[in-house]
Amino acid sequence: MTTQEIDRPRLLLVDDDETFCKVLKSALEKRNYEVLVANDVKTGIAFAERYLPEYAVIDLRIGHESGLELVKKLISLDDNTTCVMLTGFASIATAVEAIKLGATHYLTKPANADEIVNALHKNEGDSSVSINENPLSVKRLEWEHLQKVLMQHDGNISAAARALNMHRRTLQRKLDKKPVRE
């Protein structure tokens, strides 16, 4: 092993999109990271337990599983692991939960390698972030509410549907839609 290989920080990338992983792995390796790739939560946990990565980039929705469980596991193994949650299904509820569980940043897809690396090394909040002057649309508010109720029921769609007085399949369809962009 060369000195350069020893000094490279280890990063765990967990996402079910294999093409995305291949492209991001290559980009992160060019930025001097040793990248371990998992396409499901079980493999991600196994890699985390075996290799104890310094960094992790985790998709929120990995197949039908939640990346939040993986964030929780990584932090329980080593609370110095820097976790970035990456998602195409961003919501206030999941952002709050990711941060509570130990993620240091929450990025929405598409995010490029530079944005991800910046998030991995951003340790403080930014008080200069602009505040949106427009209220959320009704569709976005509905989507945010569904996400909040789902989080309150630990991701159990049937329990969340009962709490919302809605058929489970209707809730599933609403959750499968991408959130309305603001």
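Relevant structure appears above.
Remember, it's a predicted structure, so these values are computed and weren't measured experimentally.

(A) Representation of the overall build of the protein chain in the model. Of regular secondary structure, the protein chain possesses nine helices and seven strands. The C-alpha atoms of the protein chain give 17 Å as radius of gyration, which agrees with the globular expectation for 182 residues (16 Å, within 12%). Structurally, the protein chain occupies a C-alpha span of about 60 × 40 × 30 Å along its principal axes. Here the protein chain holds 182 residues, and the buried ones make up 37% of them. Long-range pairs, those at least 24 residues apart, make up 62% of the contacts in the protein chain with a sequence separation of at least 6. Accessible area of the protein chain: about 11000 Å², with a carbon and sulfur share of 50%. Where the 25 positive side-chain charges of the protein chain centre and where its 27 negative ones centre are 8 Å apart.

(B) View of the pairing of strand β7 (residues 105-108). Where strand β6 (residues 82-87) lies against β7, four bridges are found, and the strand directions are parallel. Note on β7: the bridge partner recorded for V84 is H105. Between the parallel elements β6 and β7, the chain passes through helix α5 (residues 92-101) in a crossover that is right-handed.

(C) Quick peek at the sheet that holds strand β3 (residues 55-59). Read across the open sheet, the five strands follow the order β2-β1-β3-β6-β7; overall the sheet is parallel. Two strands in the sheet have a free side with no partner beyond their single neighbour: β2 (34-38) and β7. Ignoring strand direction, the axes of neighbouring strands in this sheet form an average angle of 20 degrees. Contacting β1 (10-14), β3 and β6, helix α4 (residues 67-77) crosses the sheet at an angle of about 160 degrees to β3.

(D) Molecular detail of the packing of α4 against α5. In the contact formed by α4 and α5, the axes pass within 9 Å of each other and the chain directions differ by 15 degrees. In terms of axis orientation, α4 runs roughly parallel to α5. α4 and α5 meet at a crossing whose hand is right-handed. Counting all contacts with α4, which are made through L68, V71, K72 and I75, the residues of α5 involved are T94, E97, A98 and L101. Of the residues that constitute the contact of α4 with α5, the class distribution is five nonpolar, one polar and two charged.

(E) How the structure looks around the pairing of β1. Of all five residues that make up β1, four are buried, and the element is covered over most of its length. Across five bridges, the pairing between β1 and β2 is parallel. Of the residues in β2, the one forming a bridge with L13 is V37. Chirality of the crossover, the property in question, places the unit of β1, helix α2 (residues 18-30) and β2 among those that are right-handed.

(F) Spatial organisation of the side chain of S91. Along the chain, the position of S91 falls in the loop between β6 and α5. Not counting residues within four places of it along the chain, the set of residues in contact with S91 comprises Y106, R140, W143, E144 and Q147.

(G) Representation of the packing of helix α3 (residues 41-51) against α4 in the model. For the pair α3 and α4, interaxial distance at closest approach is 10 Å and the crossing angle is 10 degrees. It follows from the interaxial angle that α3 and α4 lie roughly parallel. In this structure, α3 uses V41, G44, I45, A48 and E49 to contact α4, whose residues at the interface are L70, K73, L74 and L77. Within the contact of α3 with α4, the residues separate by chemical class into six nonpolar, one polar and two charged.

Calculation criteria
- Residues numbered from 1 in each chain as written.
- Predicted model: local features only at pLDDT ≥ 70, side-chain atom pairs only at ≥ 80, totals over all residues.
- Heavy atoms only, no water.
- Helix = DSSP H or I, 4+ residues; strand = E, 2+ residues; numbered from the N terminus.
- Rg over C-alpha atoms; globule rule 2.2 N^0.38 Å.
- Buried < 20%, exposed > 50% of the residue type's maximum accessible area, 1.4 Å probe, protein only.
- Contact = heavy atoms within 4.5 Å.
- Areas by Shrake-Rupley, 256 points an atom, 1.4 Å probe, with all protein chains shown as cover.
- Lys, Arg positive; Asp, Glu negative; His and termini not counted.
- Charge placed at Lys NZ, Arg CZ, Asp CG, Glu CD.
- Pairing = 2+ DSSP bridges.
- Right-handed = clockwise from strand over helix to strand, strands pointing away.
- Axes fitted to C-alpha atoms, helices over the stretch in contact; angles between N-to-C directions.
- Parallel < 35°, antiparallel > 145°, perpendicular 65-115°, else oblique.
- Left-handed = near helix turned anticlockwise from the far one by under 90°.
- Nonpolar A, V, L, I, M, F, W, Y, C, P; charged D, E, K, R; others polar.

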